[in-house]
Structure formats: structure tokens, C-alpha cells
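Notes for the structure review
One-letter residues, chain by chain:
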Amino acid sequence: MDSSSKKIVITDHGFSNINPERAVLEQSGYELIDAQCKNEADLLAATKDAFALIVQWAPITETIIRNLDQCRLIVRYGIGVDNLDLNAARERQIPVCNVPDYCIDEVSDHAMALAMALHRQLLSTDKRVREGVWKIIPPGTVPACKDALFTTLGFGRIARVVLKKAAAFTFKLAAFDPFVSEEDMQALGVQKITFEEALANSDILSLHLPLNDKTYHLINRESLLNMKSNAVLINTSRGGLINTIDLAQALTENKIGGAGIDVFEQEPLPDEHPIRQAPNTIITSHTAWYSQRSIPILQQFAAEEVLRLINGEPLKNQVA
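Residues numbered from 1 in each chain as written. Predicted model: local features only at pLDDT ≥ 70, side-chain atom pairs only at ≥ 80, totals over all residues. Heavy atoms only, no water.

Per an unreviewed UniProt entry, the protein is named C-terminal binding protein, and its organism is Spirosoma validum. What the UniProt record of the protein gives under Sequence similarities (unreviewed entry) is the line "Belongs to the D-isomer specific 2-hydroxyacid dehydrogenase family." (UniProt positions renumbered as here; feature names shortened; annotations may be inferred.)

This is how it looks when you write it as C-alpha cells:
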């Protein structure tokens, strides 16, 4: 194999350094390039003769993929792969991998923090106290955790840990996931329910789904109007799962009880977006994944996927 085909290109990243990747790959004989591409022209130039790509936010479009002469693998830093054209990669027979197992504790902790703050009405109670109103009963209806249903849409790695943590608060547990059997859910003490039942019956509804044509804007005006008026909606998954314009309207009209949102279709969240003014809403800036240990683990796991390819080992987390 000639030298031009031994380039591992990191197209872009927001890390302070790439020392974890270097530590994994330094003995491989491959050159690791920190490209920090800013636009399509940069991507086309940097990736053309790459052996493998490691990508964070850069759009790896059909144009980019068709330009790849020698690429054997694309790895995404993170869980979601909606910035990668998976169909184009399949056509070129280039495997695509993600890193789905690096921030399970962090995201599940964040989802539970949002859920409990809203379920216990901490925001509205805090606001009322600061305004000089002292009442020993919260502003709205607060069912006991043991009487409330905590549901996840999706039953993957993070959803299962969220539900395990919700069980510690004594919530009743349910999940909607058409790809998981009732027996598998029941083994973990979780009731399998339909999407319609999840909307109608959940006191807390936490989203843990991939973003695709079937899940885009799954939560919209119609689905929000089918939820309980005191229900709490949590999204630490993908921004496009929710029509946030519809969500802001539902919150303003008190159609649901509250929302904790960490991810948005457009990031940064536009200044004029109505969700900023919606009541009983906690907004975080795509921070659910973060802890001081999650970043180096993400970098290490992404590089290890490339090393598996180099060593002729099976890929661990191939999604396409």
C-alpha cells in the first residue's frame, strides 16, 4: 500500500488536542492528520486520498464521499450520524461507524436531572419565591413518583439506563420501541406500550431515538395535544425529533406541563426562537454528553475503531 493511502484524517473537532487518538494510533504506521476543515473545499482537499476519516460536525455529503479515492472507513465522534450521507457510503462500500457507548452515564444523568427538576416544579417554585410569594404547595399538580409513569421513546443503551435511574425514584416504567420485544422489556421491569399510549399516559416522556425520515418531527402539534396537561417532555437525543415551534406554542398554552431540551434542529439556538420565552422550560446547550472523562473516552473509542480496521479485526459499532 503506498504512502498516500496511509492517512487517517480527522476532518474537524472541538477538542483541545488529539492526544488520545495519537496514543491509540501512533504505533500503527499510519499518519494522523488534524485537518480542521472549514468548508467543502477544505474537505475535498483533505480527504481525497485518506485511508479513514474521523468526523465530528463536518457534513460528509455525497459529493465528499464520491471524491474519496481510497477511504476504507468513516467514524463519527458521537452517536448520531445524520451529518453523514449513509446511502452514498453504502454505494461506495465504505463502512460507517459511530461511538454509541461513551457518554451513557452523562446523557442519562442529564435526562434525569431535567426530568426531576420539571416534575418537582423547581423552576416555577423558585420563580415564585423570588417574586416574594411563599406557599408550601407547588404551583401545579405533582403526582408522587410512585404514581407517575416514566416512559422512554426508544429502548437503546441510554434509554435503558435512564429507566434504571427512574426506577430508583420509584416511577412506573414504560417504553415504546417497535424493534424490541415485550419479553426483553419485561425482563428489565419495563412495560412495552404503543406510541399512542406513550403520549396519552406518560407523566414524563423522554426521547431516545435516532433521527430519520420516520422520526423527524415525531413530536409535533398533534402529538403534543395528545399528551397529559401536566406531562413533562425531555429531549437529550436529536433536535429534529421535535417541532420546537409547536412545542413552544403548547407550553405557552399550558397544553403540557414542561419541557427539558438539550438538542435543537439549529444550533446555536436562534435568539428569536419562541422556545426561549416558553414557560416551564429548561434549555441546555447540547451539554448532556459532557463530563471531564467523556471527551478523552470519545476520542479514544473513535480511534480504536480505526485501529480495528488496520489490524483486520471486526468493526465494533458499524451503522452502515
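1. Remarks on the pattern of salt bridges
Considering all chains together, one arrives at 13 salt bridges under this definition. Residue Arg-276 is joined to Asp-271 by a salt bridge in which the shortest nitrogen-to-oxygen separation is 3.8 Å. When its relative accessible area of 39% is taken as the criterion, Arg-276 is described as partly exposed. With a shortest N-O distance of 2.9 Å, Glu-305 and Arg-308 are connected by a salt bridge. Here Glu-305 pairs with Arg-308, and both are found in helix α12 (residues 294-310), just three residues apart, close to one helical turn. (Salt bridge = Lys/Arg side-chain N within 4 Å of Asp/Glu carboxyl O. Buried < 20%, exposed > 50% of the residue type's maximum accessible area, 1.4 Å probe, protein only. Helix = DSSP H or I, 4+ residues; strand = E, 2+ residues; numbered from the N terminus.)

2. Some thoughts on the UniProt feature "domain: D-isomer specific 2-hydroxyacid dehydrogenase NAD-binding" (unreviewed entry) in the protein
Residues annotated by UniProt as "domain: D-isomer specific 2-hydroxyacid dehydrogenase NAD-binding" (unreviewed entry) correspond here to residues 112-288. Each end of residues 112-288 is marked by a C-alpha atom, and these two atoms are 11 Å apart; helix forms 31% of the span and strand 15%.

3. Side note on the nonpolar core
By size, the foremost hydrophobic cluster in this structure holds 53 residues, and its most contacted members are Ile-8, Leu-25, Phe-150, Phe-171, Ile-234 and Val-306. Broken down by element, the residue count for this core peaks at nine residues, all from helix α5 (residues 104-119). (Core = buried A, V, L, I, M, F, W, Y, C linked by side-chain atoms within 4.5 Å.)

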